[in-house]
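Coordinate inspection notes
Residues per chain, in single letters:
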Amino acid sequence: MPTVGLGTYKSPPGQVEQAVKDAIDAGYRHFDCAWLYGNEVEVGNALREKINEGTVKREDLFIVSKLWNNFHAKEKVVPMIKETLNNFQMDYIDLYLIHWPFGFKVKKYCYIIYRELADETASLVPVGEGEDAFSDTDYVETWKGMEECVNLGLTKSIGLSNFNAEQIDRVLKKCKIKPVCNQVEVNPNLNQKKLIDFCRQRQRDIVIVGYCPLGRSEYAGTPGFPDPTIYDPKVAEIAKKYNKTPAQVVLNYLISLGISVIPKSVTKSRIIENIDVFDFKLDPGDVSYLDSCNKKSKSITISGI
Ligand SMILES: NC(=O)c1ccc[n+]([C@@H]2O[C@H](COP(=O)([O-])OP(=O)(O)OC[C@H]3O[C@@H](n4cnc5c(N)ncnc54)[C@H](OP(=O)(O)O)[C@@H]3O)[C@@H](O)[C@H]2O)c1
């Protein structure tokens, strides 16, 4: 898995094609997608265009997608990855993840293609429904469907997202095919060192992929939302010292924790900036400062549900 991938959540369909093409030109080969994001068709168009023009080969790319919470029933997993493959117009993806460890109750319109959902979109994120939102499908059952995707050659590997230590070990105990990664929120406000260590210990051999690595800067200043470290004046000072930007300092720091990162951007200059993070090493004092930013505060929660 290439260490830096392009995030695509909230990348509007009208902008994501260009972003993916700019990313390929900037050297990205890892693309983090999900059925929920509603833009897999456009991501696929851009990837295939770059393959067809000869800039990259399919085997150079590492394409990731995720099974949404409404489809945790074992028999729905293969149809959902097939829908994703149809969106991308590809024969296989490289990694398929269970997006969250809990499923939502299935609503009658779940099989309608996402972009046609219009008013019903809310059912995919059932805010305000409390306990009623959740299905009682065990993610271990869902995992069997994920294994079937590998057996059918629809994905090269499978993994988890938003799983905690206990949930990871339950999957490891019951699985036939091991999860290769766990994608969770990681940024200096929530450095996840404990979970990173846990995933490495006892031959678990699970890579952490850090989402929201920049702390979702679009929500900066929102009450109750943790201040993204890229706006910390001390981080700006550190960045100056290396002739880098705060985002580059943060991404370099996160990579030094031994994880992969998937910053999202639809801005060409930032897309280039976010992968240009390998030509400097932070001094121990700067690393200590970034370590001290850990407040264990999440910017993604499911509290609204
Ligand atoms: N598994 C999960 O449950 C889960 C949850 C959340 C996210 N994810 C994945 O992780 C990816 C990244 O997370 P995220 O998109 O929530 O947050 P993020 O990557 O931390 O932040 C994205 C925001 O930062 C801005 N940005 C990008 N580069 C920047 C730079 N160099 N300087 C300043 N601002 C910059 C982007 O703006 P512009 O685009 O306007 O440039 C965008 O507003 C997602 O896109 C998605 O693929 C997964």
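For the structure, see preceding data.
All of the points below concern the structure found in this document. None of these values were measured; they are calculated from a predicted model.

Cut-off values and rules
- Residues numbered from 1 in each chain as written.
- Predicted model: local features only at pLDDT ≥ 70, side-chain atom pairs only at ≥ 80, totals over all residues.
- Heavy atoms only, no water.
- Helix = DSSP H or I, 4+ residues; strand = E, 2+ residues; numbered from the N terminus.
- Expected span 1.5 Å × (residues − 1).
- Buried < 20%, exposed > 50% of the residue type's maximum accessible area, 1.4 Å probe, protein only.
- Contact = heavy atoms within 4.5 Å.
- Polar contact = N/O pair within 3.5 Å; in protein donor to acceptor, adjacent residues only side chain to side chain.
- 1 Å grid on protein atoms, 1.4 Å probe; cavity = no way out; pocket = protein on both sides within 12 Å on 5 of 7 lines; lining within 4 Å.
- Points joined across faces, edges and corners; volume = space filled by probe spheres on them.
- Near = heavy atom within 4 Å.
- Areas by Shrake-Rupley, 256 points an atom, 1.4 Å probe, with all protein chains shown as cover.
- Nonpolar A, V, L, I, M, F, W, Y, C, P; charged D, E, K, R; others polar.
- Pairing = 2+ DSSP bridges.
- Right-handed = clockwise from strand over helix to strand, strands pointing away.
- Core = buried A, V, L, I, M, F, W, Y, C linked by side-chain atoms within 4.5 Å.
- Axes fitted to C-alpha atoms, helices over the stretch in contact; angles between N-to-C directions.

With 13 residues, helix 4 (residues 139-151) extends 18 Å between its outermost C-alpha atoms, agreeing within 8% with the 18 Å of an ideal straight helix rising 1.5 Å per residue. Taken together, the buried positions of helix 4 are Tyr 139, Val 140, Thr 142, Trp 143, Gly 145, Met 146, Glu 147 and Cys 149. Those residues of helix 4 hidden inside the fold are in contact with strand 3 (62-67), helix 3 (74-88), strand 4 (93-98), strand 5 (155-161) and helix 5 (165-174). Near the N-terminus of helix 4, the side chain that reaches the backbone nitrogen of Val 140, with its oxygen 2.9 Å away, is that of Asp 138. Positioned one or two residues after helix 4, Gly 153 has a phi angle of 75°, which is positive.

Looking now at empty space enclosed by the protein. This model, assessed by the stated rule, comprises two cavities of 30 Å³ or more. Here the second largest cavity is characterised by a volume of approximately 30 Å³. As for the second largest cavity, its lining consists of Glu 185, Asn 187, Asn 189, Gly 215, Phe 225, Pro 226, Pro 228, Ser 297 and Ser 299.

Okay, the site of the ligand next. Taken together, 31 residues form the shell around the ligand, and within it Asp 32, Leu 214, Lys 264, Ser 265 and Thr 267 come nearest. At a separation of 2.8 Å, an oxygen atom of the ligand approaches a polar backbone atom of Leu 214. Asn 274 has a polar side-chain atom sitting 3.0 Å from a nitrogen atom of the ligand. When the ligand sits alone it has 910 Å² of accessible area, and the protein chains cover 92% of it. Residues of the shell around the ligand, tallied by class, amount to 13 nonpolar, eleven polar and seven charged.

Within the secondary structure, Ser 256 is located in helix 8 (residues 246-256). As a C-alpha pair, Ser 256 and Phe 225 span 31 residues in sequence and 25 Å in three-dimensional space.

Bringing the pairing of strand 3 into the picture now. Each regular strand shows side chains that alternate between the opposite faces of the sheet. Among the six residues that make up strand 3, six are buried, leaving the element largely enclosed by the rest of the structure. By the alternation rule, side chains of strand 3 split into Phe 62, Val 64 and Lys 66 and Ile 63, Ser 65 and Leu 67, which are all buried. Examined bridge by bridge, strand 2 (residues 30-32) and strand 3 share three bridges and lie parallel to one another. Within strand 3, the residue paired with His 30 across the bridge is Phe 62. Regarding topology, helix 2 (residues 40-52) serves as the crossover connection from strand 2 to the parallel strand 3, and that connection is right-handed.

Before going further, it helps to spend a moment on the nonpolar core. Inside soluble globular proteins, nonpolar side chains tend to come together where they are buried. Val 20, Phe 31, Leu 47 and Tyr 96 are the most contacted members of the largest nonpolar core, which totals 90 residues. No other element matches the seven residues that helix 8 contributes to this core. If we ignore the near neighbours within four places in the chain, the residues touching Leu 47 are Val 20, Ile 24, Phe 31, Leu 61, Ile 63 and Met 90.

This paragraph deals with the layout of surface pockets. To find leftover empty space, a probe the size of one water molecule is rolled over the atoms. When its volume is computed, the second largest pocket comes out at roughly 400 Å³. Lining of the second largest pocket is provided by 19 residues; of these, Asn 162, Phe 163, Asn 164, Gln 192 and Lys 298 occupy positions nearest its centre. Within the residue set of the lining of the second largest pocket, elements represented by two or more residues are helix 5, strand 6 (181-185) and helix 6 (193-200). Element by element, the count of residues in the lining of the second largest pocket is highest for helix 6, at three residues. Residues of the lining of the second largest pocket, tallied by class, amount to eleven nonpolar, five polar and three charged.

With that out of the way, let us pick up the sheet that holds strand 7 (residues 207-211). Reading across from one edge, 1-2-3-4-5-6-7-8 is the order of the eight strands in this open sheet, with parallel pairing throughout. The open sheet has two free edges, formed respectively by strand 1 (5-7) and strand 8 (260-261), since each of these has just one partner strand. Here strand 6 runs beside strand 7; their pairing, made up of five bridges, is parallel. Looking at the pairing, Val 184 lines up with Gly 210 of strand 7. Its contacts with the sheet place helix 4 against strand 3, strand 4 and strand 5, and it is angled at close to 160° to strand 5.

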